[in-house]
Amino acid sequence: MESKRQQKYSKLIQKELGEIFQREGKPLVGRAMVTVTRVLMSPDLGVAKINLSFLLADNEALFTKINENKGQIRKFLGNRIGKSVRIIPELVFYLDESAAYAQHMDEVISNLDIPDPSDEDEEDDAPNND
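Note that this is a predicted model, so its numbers are computed, not measured.

(A) Geometry of a nonpolar patch on the surface. Together, Tyr-101, Met-105, Val-108, Ile-109, Leu-112 and Ile-114 give the surface a local cluster of nonpolar side chains, amounting to about 600 Å² of exposed area. Topologically, Val-108 is positioned in helix H5 (residues 98–110).

(B) Structural view of the side chain of Asn-59. Positionally, Asn-59 belongs in helix H3 (residues 59–68). In this view, Asn-59 contacts Phe-54, Leu-95 and Glu-97; residues no more than four positions away in its chain are not counted.

(C) Here's a closer look at the nonpolar core. Core analysis: the biggest nonpolar cluster contains 27 residues, and Phe-21, Ile-50, Leu-52, Ile-66 and Phe-93 have the highest contact counts within it. If you list the elements that add at least two residues to this core, you get helix H1 (4–22), helix H2 (26–29), strand E1 (33–41), strand E2 (47–55), H3, helix H4 (70–81) and strand E3 (90–95). If we ignore the near neighbours within four places in the chain, the residues touching Phe-93 are Phe-21, Ile-50, Leu-52, Phe-63, Ile-66, Asn-67, Lys-70 and Ile-73.

(D) Structural detail: the side chain of Ser-53. Structurally, Ser-53 can be placed in strand E2. On the basis of relative accessible area, Ser-53 is assigned to the buried category, the value being 8%. Not counting the four nearest positions on each side in its chain, Ser-53 is found in contact with Met-33, Val-34, Thr-35, Thr-37, Asp-96 and Ala-99.

Rules used throughout
Residues numbered from 1 in each chain as written. Predicted model: local features only at pLDDT ≥ 70, side-chain atom pairs only at ≥ 80, totals over all residues. Heavy atoms only, no water. Patch = residues over 30% accessible without salt bridge, like charges linked within 9 Å, V, L, I, M, F, W, Y side chains within 5 Å. Areas by Shrake-Rupley, 256 points an atom, 1.4 Å probe, with all protein chains shown as cover. Salt bridge = Lys/Arg side-chain N within 4 Å of Asp/Glu carboxyl O. Helix = DSSP H or I, 4+ residues; strand = E, 2+ residues; numbered from the N terminus. Contact = heavy atoms within 4.5 Å. Core = buried A, V, L, I, M, F, W, Y, C linked by side-chain atoms within 4.5 Å. Buried < 20%, exposed > 50% of the residue type's maximum accessible area, 1.4 Å probe, protein only.

Encoded structure:
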(Lines give C-alpha, C1' and ligand atoms only; values in the text may rest on other atoms or scores of the structure.)
Protein backbone atom coordinates (compact mmCIF):
# COMPACT_ATOMS: atom_id res chain seq x y z
CA MET A 1 0.00 0.00 0.00
CA GLU A 2 1.24 3.43 -0.91
CA SER A 3 1.84 6.08 1.74
CA LYS A 4 0.04 9.40 1.62
CA ARG A 5 3.20 11.01 0.29
CA GLN A 6 3.48 8.47 -2.54
CA GLN A 7 -0.19 9.00 -3.41
CA LYS A 8 0.28 12.78 -3.43
CA TYR A 9 3.27 12.53 -5.80
CA SER A 10 1.42 9.99 -7.97
CA LYS A 11 -1.48 12.37 -8.48
CA LEU A 12 0.81 15.32 -9.15
CA ILE A 13 2.83 13.40 -11.74
CA GLN A 14 -0.30 11.96 -13.37
CA LYS A 15 -1.79 15.45 -13.75
CA GLU A 16 1.41 17.03 -15.04
CA LEU A 17 2.19 14.21 -17.49
CA GLY A 18 -1.34 14.46 -18.87
CA GLU A 19 -0.78 18.14 -19.57
CA ILE A 20 2.68 17.47 -21.01
CA PHE A 21 1.27 14.97 -23.51
CA GLN A 22 -1.43 17.50 -24.47
CA ARG A 23 0.88 20.48 -24.89
CA GLU A 24 4.64 19.99 -25.04
CA GLY A 25 4.38 16.42 -26.29
CA LYS A 26 2.27 17.21 -29.37
CA PRO A 27 5.25 16.86 -31.74
CA LEU A 28 5.98 13.52 -30.10
CA VAL A 29 2.49 11.99 -30.09
CA GLY A 30 0.95 13.78 -33.07
CA ARG A 31 -2.84 13.65 -33.14
CA ALA A 32 -3.02 10.63 -30.85
CA MET A 33 -4.67 10.98 -27.46
CA VAL A 34 -2.50 9.77 -24.59
CA THR A 35 -4.11 9.02 -21.25
CA VAL A 36 -2.06 8.53 -18.10
CA THR A 37 -4.23 5.87 -16.46
CA ARG A 38 -2.16 5.19 -13.36
CA VAL A 39 1.06 6.27 -11.65
CA LEU A 40 2.74 4.23 -8.92
CA MET A 41 5.63 5.74 -6.99
CA SER A 42 8.48 3.81 -5.38
CA PRO A 43 8.84 4.31 -1.61
CA ASP A 44 11.87 6.60 -2.09
CA LEU A 45 9.97 8.61 -4.76
CA GLY A 46 12.82 8.00 -7.20
CA VAL A 47 10.89 5.87 -9.73
CA ALA A 48 7.45 6.46 -11.22
CA LYS A 49 5.73 3.53 -12.93
CA ILE A 50 3.31 5.03 -15.42
CA ASN A 51 0.51 3.24 -17.28
CA LEU A 52 -0.40 4.84 -20.62
CA SER A 53 -3.42 4.28 -22.81
CA PHE A 54 -3.70 5.51 -26.41
CA LEU A 55 -6.53 6.44 -28.77
CA LEU A 56 -6.21 7.11 -32.50
CA ALA A 57 -2.74 5.59 -32.71
CA ASP A 58 -0.73 2.45 -33.33
CA ASN A 59 -0.15 1.46 -29.70
CA GLU A 60 3.19 -0.31 -30.13
CA ALA A 61 4.76 2.31 -32.39
CA LEU A 62 3.69 5.23 -30.20
CA PHE A 63 4.73 3.42 -27.02
CA THR A 64 8.19 2.81 -28.51
CA LYS A 65 8.47 6.46 -29.55
CA ILE A 66 7.52 7.65 -26.05
CA ASN A 67 10.03 5.26 -24.45
CA GLU A 68 12.79 6.53 -26.76
CA ASN A 69 12.01 10.12 -25.70
CA LYS A 70 11.46 9.56 -21.98
CA GLY A 71 14.46 11.79 -21.16
CA GLN A 72 12.78 14.71 -22.89
CA ILE A 73 9.47 13.96 -21.13
CA ARG A 74 11.31 13.82 -17.79
CA LYS A 75 12.86 17.22 -18.58
CA PHE A 76 9.41 18.70 -19.27
CA LEU A 77 8.22 17.18 -15.98
CA GLY A 78 11.21 18.66 -14.15
CA ASN A 79 10.44 22.11 -15.54
CA ARG A 80 6.90 21.83 -14.19
CA ILE A 81 7.44 20.27 -10.75
CA GLY A 82 11.12 20.98 -10.06
CA LYS A 83 10.38 23.67 -7.48
CA SER A 84 8.04 21.49 -5.42
CA VAL A 85 9.92 18.16 -5.34
CA ARG A 86 13.41 17.21 -4.31
CA ILE A 87 14.00 14.51 -6.94
CA ILE A 88 12.52 14.26 -10.41
CA PRO A 89 11.72 10.54 -10.62
CA GLU A 90 12.90 8.15 -13.31
CA LEU A 91 9.98 7.38 -15.61
CA VAL A 92 9.09 3.79 -16.43
CA PHE A 93 6.26 3.51 -18.93
CA TYR A 94 3.87 0.58 -19.29
CA LEU A 95 1.26 0.07 -21.97
CA ASP A 96 -2.24 -0.13 -20.50
CA GLU A 97 -4.30 -2.40 -22.73
CA SER A 98 -7.51 -2.21 -20.68
CA ALA A 99 -9.25 0.29 -23.01
CA ALA A 100 -8.41 -1.75 -26.10
CA TYR A 101 -9.54 -4.93 -24.34
CA ALA A 102 -12.83 -3.29 -23.31
CA GLN A 103 -13.42 -2.16 -26.90
CA HIS A 104 -12.65 -5.67 -28.16
CA MET A 105 -15.05 -7.24 -25.65
CA ASP A 106 -17.76 -4.74 -26.62
CA GLU A 107 -17.32 -5.78 -30.26
CA VAL A 108 -17.50 -9.47 -29.38
CA ILE A 109 -20.65 -8.99 -27.31
CA SER A 110 -22.36 -6.86 -29.95
CA ASN A 111 -21.63 -9.51 -32.62
CA LEU A 112 -23.16 -12.35 -30.62
CA ASP A 113 -26.15 -13.99 -32.25
CA ILE A 114 -28.60 -14.33 -29.37
CA PRO A 115 -32.04 -15.59 -30.43
CA ASP A 116 -35.10 -13.83 -29.08
CA PRO A 117 -37.08 -15.86 -26.59
CA SER A 118 -40.15 -17.37 -28.24
CA ASP A 119 -43.62 -17.77 -26.77
CA GLU A 120 -43.15 -21.54 -26.57
CA ASP A 121 -40.09 -21.19 -24.36
CA GLU A 122 -42.01 -18.92 -22.01
CA GLU A 123 -44.82 -21.48 -21.73
CA ASP A 124 -42.30 -24.22 -20.93
CA ASP A 125 -40.88 -22.12 -18.12
CA ALA A 126 -44.28 -21.57 -16.49
CA PRO A 127 -44.89 -23.76 -13.41
CA ASN A 128 -47.10 -26.76 -13.97
CA ASN A 129 -50.19 -26.74 -11.70
CA ASP A 130 -51.15 -30.40 -12.16
